[in-house]
Amino acid sequence: MRSARLLALTLFGGCVYFNAMYDANREFDAALASLQEQSEVTARIQFDSVIAKTARVIEDHPGSKYADDAALLKTRAELHTGMWESAVETSLQAEALAGSQKSRAAAVGLRGVALRELGSYREADSLLSVGLSGKVAADDEALFLFQRGLARQELGLSDQATLDLEAAASSVELSPEGSLSLTIALRDIGEYGRSAEVSARLLATANPNPRSPLYLHVDSLGVLAPSTVDSMAAALLTAAAVPATRRAAFHLISGRARLSQGLEQAALVSFDAAVEEASSSQGASDAAYYATELRLRDATRPEDVTALLGSYPVARRSGEREMRERVSRWESASAEFEGLIAAYESRGASAAESMLRAAEVARIDLEALALARGSYLLYLDLVPDSRWAAKAIYGALSVSGHPPDPAWVNDRGLVTDDELRSLLGTLPADDPYRLAFAQAEDRGMMADSMYVLAEADLMRRLTEIRMLFDPTAADTVPDVDEPPVEPDEDEVQN
């Protein structure tokens, strides 16, 4: 009778942990299904339930034939929930409880996964290699290959990492994150064509966000292999039914790759196409930024700045803060430059100093060096005997080699530079701008004060000119005691 009672209790206990494992396995499968449906909150709840149920089996029945399975399942659930330290501990239990070499190898490999997430790449590499040597299930083999590839990528073993990642990809379909790791590894070992192939598959369905890791990777690839990336973008653009926002992003990729090849005009075609496709998209905003930067750099006459005024609202929506701030500076400077040119055109030589200020705006704020060169030279043609002539000469020499449109200003290059230097030599030795560039021992005690006063007088003169158009301009007159920025001697080519 006693034996029968013990047998019944044993069978009952076995039924309990069998049912617990059955429920835990069903819950685990349901959690994986929730992940596929992108129901992450539901999946987390289900994985937590798996962890609780398997923990009871391990704690209450450590000697049962289900204990090793429970420990492995608990480790997997902990990995899915990001409980890396707990997964390490549970995998050690799973290894100790393992009833077969296959289970032991799986436990070791899963520990390698957790340690890679914790940043222990060398130990993870070793453990994942042990796991792969144990003839684990196909899914585990693909997981361990992929994780070892990531670990080896972090260790700088790009060629070995690529072999692992490609082997994993041939076993199962990699996630977008896994494919991105693969294409980066291919890029790192110089397999640019294969990297572009994987990138193209991702770009075809990815959110067209220029700030995303995928697009940043493609941008880097475009620097290393610009013609390959340009061809990749062209192929993506020929696909059927590509949404406008994605087409804009592909044109942006093409434009950036063409810039890396030095094909500025072709790049402008791509950037303009991005804006035409979807002007409100992030791809179009970035494209408008790069197009504006190119056109400012290549501007050779004032009309080129006027033509850009419509580009700023699009470029100002860029997702990059630094780009937005730079666009705002360009827009403000363009408006000021246009106003200064208008002042000169309406008043002629009586508003000559507006050209001197326009030159500084073009050189410093717009980085339009040909416009700056032309404005400095035009000012010197208008008032060669001006008290600010030396300032204009130094400015013109600082942007030598950037000729303006000859229909606007005549610039004979080196001949003009020689004439400017000769003119500089005729100016008084105590000219405040000449003194600003003199050796410290030759400048004298009053040099700085003279420079500050000359700059303040120039600002007052510019205010007088602006007041012809805007009576409130007097409010912007600077304090004489507040010195303006001194000229940058390194930029002047004497």
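Before going into details, it helps to say that this report is about the structure given with it. (Residues numbered from 1 in each chain as written. Predicted model: local features only at pLDDT ≥ 70, side-chain atom pairs only at ≥ 80, totals over all residues. Heavy atoms only, no water.)

**Remarks on the overall build of the protein chain**
Helices and strands together make up the secondary structure of the protein chain, namely 25 helices and zero strands. Considering the protein chain as a whole, with its 494 residues, one finds that 46% of them fall into the buried category. Taking the intrachain contacts of the protein chain between residues at least 6 apart in sequence as the baseline, contacts between residues at least 24 apart amount to 59%. Taken as a whole, the protein chain presents about 24,400 Å² of accessible surface, with 52% of it coming from carbon and sulfur. (Helix = DSSP H or I, 4+ residues; strand = E, 2+ residues; numbered from the N terminus. Buried < 20%, exposed > 50% of the residue type's maximum accessible area, 1.4 Å probe, protein only. Contact = heavy atoms within 4.5 Å. Areas by Shrake-Rupley, 256 points an atom, 1.4 Å probe, with all protein chains shown as cover.)

**Thoughts on the packing of aromatic side chains**
Tallied over the entire structure, the rule returns four aromatic pairs. Judged by centre distance (5.6 Å) and plane angle (65°), the ring pair of Phe28 and Phe47 falls under edge-to-face. Residue Phe28 is located in helix H1 (residues 2–36), and its partner Phe47 is located in helix H2 (residues 40–60); the two are separated by 19 residues in the primary sequence. This pair shows no difference in class: Phe28 is buried, exactly as Phe47 is. Taking the centre distance of 5.2 Å and the plane angle of 25° together, the rings of Tyr289 and Trp330 count as stacked. (Phe/Tyr/Trp six-rings, centres within 6.5 Å; stacked < 30°, edge-to-face > 60°.)

**Focus on helix H11 (residues 213–224)**
Here H11 is 12 residues long and its end C-alpha atoms lie 17 Å apart, about the 16 Å a rise of 1.5 Å per residue gives. When H11 is considered as a whole, its buried residues turn out to be Leu214, Tyr215, His217, Val218, Leu221 and Gly222. Down the axis of H11, the smallest arc covering the buried residues is 155°, so these residues share one side. For H11, exposure combined with an orientation more than 90 degrees from the buried face picks out Pro213 and Val223. Next to the buried residues of H11 lie helix H9 (176–188), helix H10 (192–203), helix H12 (226–237) and helix H13 (244–260). (Expected span 1.5 Å × (residues − 1). Arc of directions from axis to C-beta.)

**Quick notes on the nonpolar core**
Counting residues in hydrophobic clusters, the biggest one holds 64 residues, and the most contacted among them are Phe271, Phe337, Leu366 and Tyr376. Not counting residues up to four positions away in its chain, the partners in contact with Phe337 are Pro302, Val305, Ala358, Val361, Ala362, Leu366, Leu371 and Ser375. Judged by nonpolar contacts, the second largest core, of 33 residues, contains Phe47, Ile51, Ala77 and Leu127. (Core = buried A, V, L, I, M, F, W, Y, C linked by side-chain atoms within 4.5 Å.)

**A word on the environment of Pro243**
Within the secondary structure layout, Pro243 lies in the loop between H12 and H13. Overall, Pro243 belongs to the partly exposed group, its relative accessible area being 38%. Along the backbone, Pro243 and Glu277 are 34 residues apart, and their C-alpha atoms lie at a distance of 9.2 Å.

**Some thoughts on H9**
Every α-helical turn comprises 3.6 residues, leaving residues that sit three or four positions apart pointing alike. Here H9 contains 13 residues, and its C-alpha end-to-end distance of 18 Å stays within 8% of the 18 Å for a straight helix at 1.5 Å per residue. Those residues of H9 that sit buried are Gly178, Ser179, Leu180, Ser181, Leu182, Thr183, Ala185, Leu186 and Arg187. Directly beyond the C-terminal end of H9, a positive phi value near 85° is found at Gly190.

**Section: the packing of helix H5 (residues 101–117) against helix H6 (residues 121–132)**
Running from N to C, H5 and H6 cross one another at 160°; their axes reach a closest spacing of 7 Å. In this view, H5 runs roughly antiparallel relative to H6, as classed from their interaxial angle. Considering how the two elements wind past one another, H5 and H6 form a crossing that is left-handed. On H6, the residues that touch Ala105, Val108, Gly109, Arg111, Gly112, Val113, Leu115 and Arg116 of H5 are Tyr121, Glu123, Ala124, Leu127, Leu128, Val130 and Gly131. Each residue belonging to the contact of H5 with H6 can be placed in one class, and the counts come to nine nonpolar, three polar and three charged. (Axes fitted to C-alpha atoms, helices over the stretch in contact; angles between N-to-C directions. Parallel < 35°, antiparallel > 145°, perpendicular 65-115°, else oblique. Left-handed = near helix turned anticlockwise from the far one by under 90°. Nonpolar A, V, L, I, M, F, W, Y, C, P; charged D, E, K, R; others polar.)

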